[in-house]
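The residues making up each chain are set out below.
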Amino acid sequence: MSFKQSATKLLELDDDKVKQWLESFDAVITDCDGVLWVYGDVIPGSVDVMNRFKEIGKKIFFCTNNSTKTRKELLTKSKNMGFNITEDEVISTANSLAAYLKARNFNKKAYVIGSEGITKELDAVGIAHNKVGPEHMPGSLLQYLSNHFELEEDIGAVLVGFDEYFSFPKMTKAASYLSRQDCLFIATNTDERFPMPNMVVPGTGSFVRAIETCAERKATVIGKPNVAMCEHLIKDGTIVPERTLMIGDRCNTDILLGYNCGFQTLLVGSGIHQLNDVDSWKASSDPELHKLIPDVYLPKLGDLLAYM
């Protein structure tokens, strides 16, 4: 049974067809924010569905572009919410970023715009870095540049993740380091915004785009929709792409990752993108937008429980 890029509404199918669809995959990779929880609040039914997947023998993985936490911290958060998950079943951009540098024998210092989620993962693989946190601009721009602006000689990479203390000094330093041609420029992800009720919270992509503009360079992106996030699972045979389901609330990261990897895809309406977005992509003549169309749709993940 194939629903390839049809955005079929699962709740409008009869029970047998939904159950056949459930039998069409052996592994489940899910986004976290907007699918399992919103910030610190569990989305009703998500714990039961994910734990049930595991009970009936499906492999499960939590895959997040959130770089503010290490894999261990994400594991703790998940377990405290009631999810039955192990550290090996957590895929995070902070961990993937550190692994990316380690695999390339990176031996310089990294300038990190981000949080301790990244720096702790760098510490774990022995990569030196700056201290993260607020970097204010004392006085005017002229005073800052004349009296306080300093660059380090041994910076070999600028790493950008989510940073609630993003500032003019950080952007200035990042762009200045990136004027060195041998300096790597790596971003954990390019998510534009966070799914939060009644407000817009800028995501990592907002900071990445600002630095790309002033540095006149494009970042290498580690996180979704880059295949690198799940490549190891495919290469070692842990998952078979056509028998793997990718669940997400954001089509240009989660669903596109599924498309890029050859996974089946499920969009849930509990986060960023909704069916009206999908309808506009269906009507478009742009083949790139067609890649964002999910196979199937549910208002929220918990709606699956009745079929399991």
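Overview of the structure. Values in this document were obtained by computation on a predicted structure and should not be read as measured data. Residue positions are given per chain, counting from 1 as you read along its sequence in written order. Where totals are concerned, whole chains, interfaces and linings use all residues; where local detail is concerned, this predicted model gives features only for residues with pLDDT of at least 70, and gives and counts side-chain atom pairs only at 80 or more. For side-chain calculations, the full set of non-hydrogen atoms in the structure is used, while hydrogens and water are omitted.

## Let's talk about the overall build of the protein chain
Each helix is a run of DSSP H or I of at least 4 residues and each strand a run of E of at least 2, with the numbering of both proceeding from the N terminus. Looking only at helices and strands, the protein chain features 12 helices and 16 strands. When we talk radius of gyration, it's over C-alpha atoms, and the globule rule is simply 2.2 Å times the number of residues to the 0.38. The C-alpha radius of gyration of the protein chain comes to 20 Å, within 12% of the 19 Å expected for a compact globule of 308 residues. For the protein chain, the spread of C-alpha atoms along the three principal axes comes to 70 × 40 × 35 Å. Whether two residues are in contact is decided by their heavy atoms, any of which lying within 4.5 Å being enough. Partitioning the intrachain contacts of the protein chain with sequence separation of at least 6 by distance along the chain shows that 71% fall at a separation of at least 24. As displayed, the protein chain has an accessible area near 14000 Å², and 50% of this comes from carbon and sulfur atoms. One way to put it: in the protein chain the 33 positive side-chain charges average out to a point 2 Å from where the 41 negative ones average out. All accessibility values rest on the Shrake-Rupley procedure with a 1.4 Å probe; residue burial counts only the protein chains present in the view. Charge counting treats Lys and Arg as positive and Asp and Glu as negative, with His and both chain ends excluded. Charge coordinates come from a single atom per side chain, which is NZ of Lys, CZ of Arg, CG of Asp or CD of Glu.

## With respect to the pattern of salt bridges
Just to be clear on terms, a salt bridge is a Lys or Arg side-chain nitrogen sitting within 4 Å of an Asp or Glu carboxyl oxygen. Tallying each qualifying case throughout the model produces 19 salt bridges. For Glu55, the salt bridge goes to Arg52, with nearest N and O atoms at 3.2 Å. Separated by three residues within a single helix, Glu55 and Arg52 lie in helix 2 (residues 46-55), roughly one turn from each other. Only protein chains enter the accessibility calculation, which uses a 1.4 Å probe; a residue whose area is less than 20% of its type maximum is buried, one above 50% is exposed, and one in between is partly exposed. Glu55 sits in the exposed class, given a relative accessible area of 60%. Lys108 is the salt-bridge partner of Asp182, the closest N and O atoms lying 3.4 Å from each other. Of the two residues, Asp182 is situated in the loop between helix 7 (168-177) and strand 10 (184-187) and Lys108 in the loop between helix 4 (93-103) and strand 7 (109-113); the sequence distance between them amounts to 74 residues.

## As for the nonpolar core
Among the nonpolar cores identified, the biggest contains 33 residues, and Trp21, Phe53, Leu266, Leu301 and Leu304 are the most heavily contacted of them. Of all the secondary structure elements, the ones that give two or more residues to this core are helix 1 (15-22), helix 2, strand 5 (59-64), helix 3 (71-81), strand 14 (244-248), strand 15 (264-268) and strand 16 (296-298). In terms of residue count, the dominant contributor to this core is helix 2 (four residues). Each nonpolar core is a collection of buried residues, namely Ala, Val, Leu, Ile, Met, Phe, Trp, Tyr and Cys, held together in the definition by side-chain atoms within 4.5 Å. Core analysis: the second largest hydrophobic core is formed by 19 residues, Phe162, Phe207, Ile211 and Ala215 among them.

## With respect to the sheet that holds strand 14
Strand order in the open sheet formed by seven strands is 1-16-15-14-2-5-6, with parallel pairing between adjacent strands. Sheet topology places strand 1 (8-9) and strand 6 (90-92) at the edges, where each strand pairs with a single neighbour. The sheet contact formed by strand 14 and strand 15 spans four bridges and is parallel. In the sheet register, Ile247 faces strand 15, and the bridge partner there is Leu266. Being paired, for any two strands, means DSSP has found at least two bridges between them.

## Some points on unusual backbone geometry
Lys224 connects to Pro225 through a cis peptide bond whose omega is 10 degrees. Within the secondary structure, Pro225 sits in the loop between strand 13 (220-221) and helix 9 (231-235). Its identity as a non-glycine residue notwithstanding, Ala7 has a phi of 55 degrees, on the positive side. With respect to the secondary-structure elements, Ala7 resides in the segment before strand 1. One non-glycine residue, Tyr39, adopts positive backbone phi at about 60 degrees. For Tyr39, a relative accessible area of 62% translates into the label exposed.

## Side note on the packing of helix 4 against helix 5 (residues 116-124)
To define axes, lines are fitted to C-alpha atoms, for helices over the stretch in contact only, and angles between the resulting N-to-C directions are given on a 0 to 180 degree scale. The interhelical angle for the contact between helix 4 and helix 5, taken along N-to-C directions, is 40 degrees, at an axis separation of 8 Å. Considering the angle they form, helix 4 stands oblique to helix 5. Where helix 4 crosses over helix 5, the handedness of that crossing is right-handed. When helix 4 is examined against helix 5, the residues Ala94, Asn95, Leu97, Ala98 and Leu101 are found in contact with a partner set consisting of Gly117, Ile118, Glu121 and Leu122. Grouping the amino acids of the contact of helix 4 with helix 5 by side-chain chemistry returns six nonpolar, two polar and one charged. Geometric relationships in this document are graded by angle, where less than 35 degrees denotes roughly parallel, more than 145 denotes roughly antiparallel, 65 to 115 denotes roughly perpendicular, and other angles denote oblique. Left-handed describes a crossing whose near helix is turned anticlockwise from the far helix through less than a right angle; right-handed describes the clockwise counterpart. By the convention adopted, Pro, Cys, Tyr, Trp, Phe, Met, Ile, Leu, Val and Ala count as nonpolar, Lys, Arg, Asp and Glu as charged, and the other residues, Gly among them, as polar.

## With respect to the packing of helix 7 against helix 8 (residues 204-215)
Contact geometry of helix 7 with helix 8 gives a least axis separation of 9 Å together with a crossing angle of 50 degrees. Classed by the angle they form, the pair helix 7 and helix 8 counts as oblique. Seen along the crossing, helix 7 lies across helix 8 with a hand that is right-handed. Contacts between helix 7 and helix 8 involve Met171, Ala174 and Ala175 from the first element and Ala210, Ile211, Cys214 and Ala215 from the second. Among the residues forming the contact of helix 7 with helix 8, the class breakdown is seven nonpolar, no polar and no charged.

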